[in-house]
Amino acid sequence: FCAQFKRWLVEMIPLADACVCNSHATADALREFAAAEGLADALPPVGVFPLGTKLSPATAEPRAEVAAVFANDQPFLMVGTIEPRKNHALVLDAFERFWVAGGTTPLVVIGRRGWQCETTLRRFAALAAAGRPFTHIGDATDADLQHAYRHACCLIFPSVAEGFGLPIVEALAQGLPAIASDIPVHREVGGDLATYIPLGDPDHLAGLLRSIENGSTVLTAPAPGSVHLPTWAESATALQTEIDRLLMKVIEEP
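What comes next is a walk through the structure. (Residues numbered from 1 in each chain as written. Predicted model: local features only at pLDDT ≥ 70, side-chain atom pairs only at ≥ 80, totals over all residues. Heavy atoms only, no water.)

### So, helix α10 (residues 232–252)
Going by this rule: By the criteria applied, helices consist of DSSP H or I runs no shorter than four residues and strands consist of E runs no shorter than two, each listed in order from the N terminus. Helix span, expected: 1.5 Å multiplied by one less than the number of residues in the helix. Any residue under 20% of the maximum accessible area for its type is buried, any over 50% is exposed, and the rest in between are partly exposed; the area is computed with a 1.4 Å probe on protein chains only. Note: the arc covers the axis-to-C-beta directions of the helix. Note on contacts: a residue pair qualifies if any of its non-hydrogen atoms lie within 4.5 Å across the two residues.
For α10, spanning 21 residues, the distance from its first C-alpha to its last is 30 Å, which sits close to the expected 30 Å at 1.5 Å a residue. Where α10 is concerned, the buried positions are S235, E242 and L246. Here the buried residues of α10 occupy an arc of 30 degrees about the axis, which is enough to place them on one side. Exposed side of α10, more than 90 degrees from the buried face: A233, T237, I251 and E252 are the residues found there. The elements touched by buried residues of α10 are β1 (19–21) and β2 (46–48).

### Some points on the pattern of salt bridges
Here the idea is simple: oppositely charged side chains can pair when their charged atoms come close. Under the convention used in this document: Throughout this description, the term salt bridge denotes a Lys or Arg side-chain nitrogen within 4 Å of a carboxyl oxygen of Asp or Glu.
Within this structure, the stated rule accounts for 14 salt bridges. Salt-bridge contacts for E37 lead to K6; the nearest nitrogen and oxygen are separated by 3.4 Å. One end of the pair, E37, is in the loop between α2 (24–36) and β2; the other, K6, is in helix α1 (residues 2–15), with 31 residues separating them in the sequence. Given the relative accessible area of 32%, E37 is considered partly exposed. Its salt-bridge partner being R85, residue E83 comes within 3.0 Å of it at the nearest N-O pair. Given a relative accessible area of 6%, E83 falls into the buried group. Salt bridges linked by common partners bring R63, E65, D139 and D144 together as one network.

### Re the layout of surface pockets
Under the convention used in this document: The way it works is a 1 Å grid over only the protein atoms, where trapped points that fit a 1.4 Å probe form a cavity and open points with protein on both sides within 12 Å along at least five of seven lines form a pocket, and then any residue with an atom within 4 Å of a point lines it. Grid points are joined across faces, edges and corners, and a volume is the space filled by probe spheres set on the points. Residue classes follow a fixed rule: Ala, Val, Leu, Ile, Met, Phe, Trp, Tyr, Cys and Pro count as nonpolar, while Asp, Glu, Lys and Arg count as charged, and any other residue, Gly among them, counts as polar.
One number sums up the size of the largest pocket: a volume of about 1,300 Å³. Along its surface, the largest pocket is lined by 47 residues, and R85, A161, E162, G163 and F164 are the ones closest to its centre. Listing elements by their share of the lining of the largest pocket, those giving two or more residues are α1, β1, α2, α6 (142–151), α7 (166–173) and α8 (184–190). For the lining of the largest pocket, the per-class residue count stands at 28 nonpolar, 10 polar and nine charged.

### Quick word on the packing of aromatic side chains
When we look at a pair of aromatic rings, we describe it by the centre distance and by the angle of the planes. Selection rule: Pairing of aromatic side chains requires ring centres within 6.5 Å, counting the rings of Phe and Tyr and the six-membered ring of Trp. Pairs whose planes differ by under 30 degrees are stacked, by over 60 edge-to-face, and all others tilted.
Counting across every chain of the model gives six aromatic pairs. Ring geometry for F5 and W8: centres 5.6 Å apart, planes at 35 degrees, overall tilted. Residue F5 and its partner W8 are both found in helix α1; the two are separated by three residues, about one turn of the helix. By relative accessible area, F5 is classed as partly exposed at 44%. Here the aromatic rings of F76 and F95 are separated by 5.5 Å at their centres, their planes lie at 70 degrees, and the arrangement is edge-to-face. Residue F76 is found in strand β3 (residues 76–79), and its partner F95 is found in helix α4 (residues 88–100); the two are separated by 19 residues along the sequence. Overall, the relative accessible area of 0% leaves F95 in the buried class. Here a set of aromatic residues connected by ring pairs shows up, and it is made of F76, F95, F98 and W99.

This is the structure we're talking about:
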C-alpha cells in the first residue's frame, strides 16, 4: 500500500496546480518527500486548512449496548480505524502490563476494521476470552462516539503517523482529556491541551495509566465549548479560501 501511494504521489506532484494539506506537519512532510525524490522544483504551491468537528446533537441517544459499556465505569478510550499506524499494539502492551499490576480501569476501543489488522483483532479476541475489562466497538454511530467521549476518563491516541488526528480535536471539544503520541502533527493539533507520550514505550504508558487510576496524575481538558475548535462548515470555508489563494498564486506566476 505504501509503495503504491508513493508511486501515485511521485506522479501527482509534477501534474498538480496546487496541493492542500490538512495540517502544517503534513505540508512539511510533503515538502520533505518531494525533496527526497528530487521533485522539490516540481512541487506546486502548498497550502493548509484545518479539519472540523461536529458529532451528533446532544439529544441523540447511543445504542443501549454502547451505553451499557459506559454505565458503571469511566474507561480509557481509543478511537481509530484498526490498522498498524494507529498503534493499537502499544496500547494493548501497556494495558496488559497495567492489568497484571492490578489496574482495573477498562479499555474501550472504537474503530472499524481496516487493513493489516488480523494480529490486532486476534489480540482483541484473546483479551475478551481472558476476561479482561476490554470492549471493541467496530460499528459505532456518531451518537455512540459522542457518548463515549462524554463518559470516558480520557482518550488515548498513540498513532505512529497522522495527517491531522481528528479524535484529539473531537475529544477536547467534548471536554475529554487526551493522551497522544509525541509526533509533530499531534503537537500542532493538541497544543498545550493534550498530554504526550513517547512512541514505542508501553512501560511509560502503563505507568501513566496507573498514576491516573490512583489519582496521582490528574489530566485536564478545556470545559466543553470553552475553546473554539473549527466546525466542518468553517473547515470547508477555509479549504475554499486556501484553494482560491493557491490558484491565484498559480495564475500570477510567470
